Each structure stands twice: as structure tokens, then as C-alpha cells.
Amino acid sequence: MRMRRFRIWLILSVCVAAIYSMFYYKIFSGVSDREKSVTVILKSLNVRLDFWQAVNKGAEAAAKEMGVELNVVGPLQENDANDQIRILEAAVEGKPDAIVLAPIMNDRMPEILSRARNAGIELVIIDTPLELVPVPVLVSNDHIEAGTLAGRTTATATKGHPTVAIISDDEDSKISSERLSGIKQALDAYPNSVLGVYYADNSEDKAYEIAKQLLAEDKPFNAFITLNESATVGVARLLHEQRRAGAMSLIGFDSSVDEIQLLEAGTLKAAIVQKPFNMGYLGVKTALKLIDGDNVDPITYIESNVITRENMYTPENQKLLFPFINNK
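Residues numbered from 1 in each chain as written. Predicted model: local features only at pLDDT ≥ 70, side-chain atom pairs only at ≥ 80, totals over all residues. Heavy atoms only, no water.

Novice: Would you take a moment to explain the packing of aromatic side chains for this structure?
Specialist: Describing an aromatic ring pair means giving the distance of the ring centres and the angle of the ring planes. One pass over the structure, following the stated rule, counts two aromatic pairs. Relative to Trp52, the ring of Phe51 lies with its centre 4.9 Å away and its plane at 85 degrees, an arrangement referred to as edge-to-face. With relative accessibility at 2%, the residue Trp52 sits in the buried group. The side chain of Arg237 reaches across the aromatic face of Tyr208, ending 4.3 Å from its centre. (Phe/Tyr/Trp six-rings, centres within 6.5 Å; stacked < 30°, edge-to-face > 60°. Buried < 20%, exposed > 50% of the residue type's maximum accessible area, 1.4 Å probe, protein only. Lys NZ or Arg CZ within 6 Å of the ring centre and 35° of its normal.)

Written out as C-alpha cells, the structure is:
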């Protein structure tokens, strides 16, 4: 009889312990007992914009590796701040565990991101830093260092005698401003090496006209540094038309299909190439660490590479220039 009672009490104790363990796990395991969700909001999902498609692929690779539910969204046009704000508001309403955002600057952005934080959504900023308090975690290319690389590359291309016309997109671009800062730091060692800084407003045609005017004035300079793809392509078109590609060094940024062709032709002397795949990948992995409560670095910088006609066919640089082929 005593043995039977003992067995009954033992079975009841095991059942109570099991029920308690299940309850404890549900209460304290947080998001660990379900699939974690991350929403990535890019500046554009336009399939013709290689940079953002590479960021997308990097995010997808990290999500697949880590078993994360991923939603990648963004406006069609790269500068459509209103559409990105609409997309961001919808994402906050959806309450994912984290949002990874490549922000288009807009005065409404801080208030919406504050709402996201208040809702318990983790936040990672990629590509373009935001001035928020507290400062959000940032995963970005080191744009100042990239500018420094451009300045040094120009000095080498001009055999230590650079006189440079710099063509940017617009004065309000934080990325271009940081690139410009790095260029000037690198060229400080060469007195009077910057002819001027000119703004083409993201227009290939305007960059073409600026370069045409500068060359028509017969000013004594020997290099262009172009801070974005449209400026690079516009200036390259002019140099090709006027058959000045050999005499005038052109140093650009990014690695679109057009720019790769310009490198192969020798019109573009060098391209400062970012690693957008890495940015998307690390953005999602950083978000996952925040969800899990792990410590993360406040800033993760991703280095850039100098790609030239001479080194563009190395395996490492082929991966940078053709991420969709090498990361399938």
C-alpha cells in the first residue's frame, strides 16, 4: 500500500515539474520559441539598381542562414522619401522583432522610429547614419575612408601632381559629404589640388554639362573624381566623345554594369567599390543579435576596395563586381 502511494506521489511530482518547466519556458524564452521576424527597408527595390539588389541578396543570405522570417521592402524610386515613410509606418504597425532601415532623409523619420522603439522593435540603420537620440546601431560602409582611397588613387594616377574637379550629387547628401571629407584629407598633402566641387543633382546629363564647361574653359586640371554613378557615367560619356580618356583621369564610386564596362574600356581609371552584399548580411545578423539581447558594436564599418582595369578580374574583385553570380 505504501509503495503504491509512493509511486502515485512520484508520478504527480514529475507531472507538476513538467508543467512548471513548460510554463517557465513560455514566460522567459521570449521570441526564442518562435521564428524571429526582421523587416528590411531599403532606399529602393528597383531591380535595375544593382547596389540595392546586392543589399537585398545579403539580407536574404543572412536570414536563410539564421532561420529568420524576412520581409524586404522599399520604394521603386531611390529618392522617394514619401513612399519610404509610408512603408516604414506600415512596418511599424506590423510589429516585427526588428527593422533594418536604409533611410532616405526626411523630417518625419525620427518620430516614426521613436514609435518603433516604444513598441519594442529593435532598430538597425544601414548605409546612411541618422542623428537620433539614443543613437541607433549602424552598419555602413566607411564613406570617409572610401573618400580617402579615392584621393590617394587620384594622386597615384596623376603621378603625384593631382589637380581635381570633384562632381557630387547634392550638398545635402550625407554620404557624399563624408566621401568629400575623405578626399580632401587625402589631397591635403598636395597644395591647390582641388579645382572645385560641383553638384549635378543625381543627373547624368548635368554632370556631362558641368564637365563640358570645365574642359571648355581650358582650366589646368588632370582628374575628375565623381562621387556617384550618374556623375561617373556623365563625365565618362564626355571624355569618350572628346577622346580625352587617356589624358584625363576619372575616379568614380560604385560598380554598376555601366561602370564595369567603363573600367574595361579604360575610360574609368578606378572605381571605389563598396560591399553592399556584406551590408545587407551584417545588417540582418546585427538585428538578430539585438533580438536575442546580445551586445553589439554601436558602429560596424565595412571597407571599400579600389578596382582598376588591372585588378578587376581577380576572384575577390569578381565577387564584388558580380555579386548575383557569385552568391547564388
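Novice: I tried to follow the sheet that holds strand β4 (residues 122–126) on my own but got confused; where do I start?
Specialist: By definition, the strands of a sheet pair up through backbone hydrogen bonds, in either a parallel or an antiparallel sense. Spatially, the six strands line up as an open sheet ordered β2-β1-β3-β4-β5-β11, and their pairing is parallel. Looking at the sheet topology across the chains shown, the edges are occupied by β2 (69–73) and β11 (299–302). Pairwise comparison of adjacent strand axes, ignoring direction, gives a mean angle of 15 degrees for this sheet. Both strand β1 (residues 37–41) and β2 contribute to a ladder of five bridges, which runs parallel. Each bridged residue has a counterpart across the sheet, and for Val40 the counterpart in β2 is Val72. The sheet contacts of helix α10 (residues 276–291) involve β1, β2, β3 (98–101), β4, β5 (137–141) and β11, and relative to β4 the element is tilted by about 160 degrees. (Pairing = 2+ DSSP bridges. Helix = DSSP H or I, 4+ residues; strand = E, 2+ residues; numbered from the N terminus. Axes fitted to C-alpha atoms, helices over the stretch in contact; angles between N-to-C directions. Contact = heavy atoms within 4.5 Å.)

Novice: Quick question: what am I supposed to make of the nonpolar core here?
Specialist: The tendency in soluble globular proteins is for nonpolar side chains to be buried side by side. Ile167 and Phe224 are the most contacted members of the largest nonpolar core, which totals 28 residues. Breaking this core down by element, the ones donating at least two residues are β6 (164–168), α7 (204–216), α8 (229–241), α9 (257–265), β10 (270–273) and α11 (315–321). Among all residues touching Ile167, those that are not within four sequence positions of it are Tyr198, Ala200, Ala207, Ile210, Ala211, Phe224, Ile225, Thr226, Leu227, Ala231 and Val235. The next biggest cluster of nonpolar side chains, apart from the first, holds 26 residues, and it includes Val40, Ala59, Val100 and Ile302. (Core = buried A, V, L, I, M, F, W, Y, C linked by side-chain atoms within 4.5 Å.)

Novice: Is there a simple way to think about the packing of α8 against α9 in this case?
Specialist: A pair of packed helices is captured by two measures, namely the crossing angle of their axes and the spacing between those axes. Put simply, α8 and α9 touch, their axes get as near as 10 Å, and they point 40 degrees apart. On the basis of their axis angle, the class for α8 and α9 is oblique. Seen along the crossing, α8 lies across α9 with a hand that is left-handed. Of α9, the residues touching α8 (which contributes Glu229, Thr232, Val233 and Ala236) are Asp258, Glu259 and Leu262. Here the contact of α8 with α9 is built from residues that sort into three nonpolar, one polar and three charged. (Parallel < 35°, antiparallel > 145°, perpendicular 65-115°, else oblique. Left-handed = near helix turned anticlockwise from the far one by under 90°. Nonpolar A, V, L, I, M, F, W, Y, C, P; charged D, E, K, R; others polar.)

Novice: What should I look at first to understand the packing of helix α5 (residues 143–157) against helix α6 (residues 174–187) in this one?
Specialist: At a minimum axis separation of 6 Å, α5 and α6 run at an interaxial angle of 45 degrees. Put simply, α5 runs oblique to α6. The hand of the α5/α6 crossing is right-handed. Of the residues in α6, those in contact with His143, Ile144, Gly147, Thr148, Ala150, Gly151 and Arg152 of α5 are Ile175, Glu178, Arg179, Gly182, Ile183, Gln185, Ala186 and Leu187.

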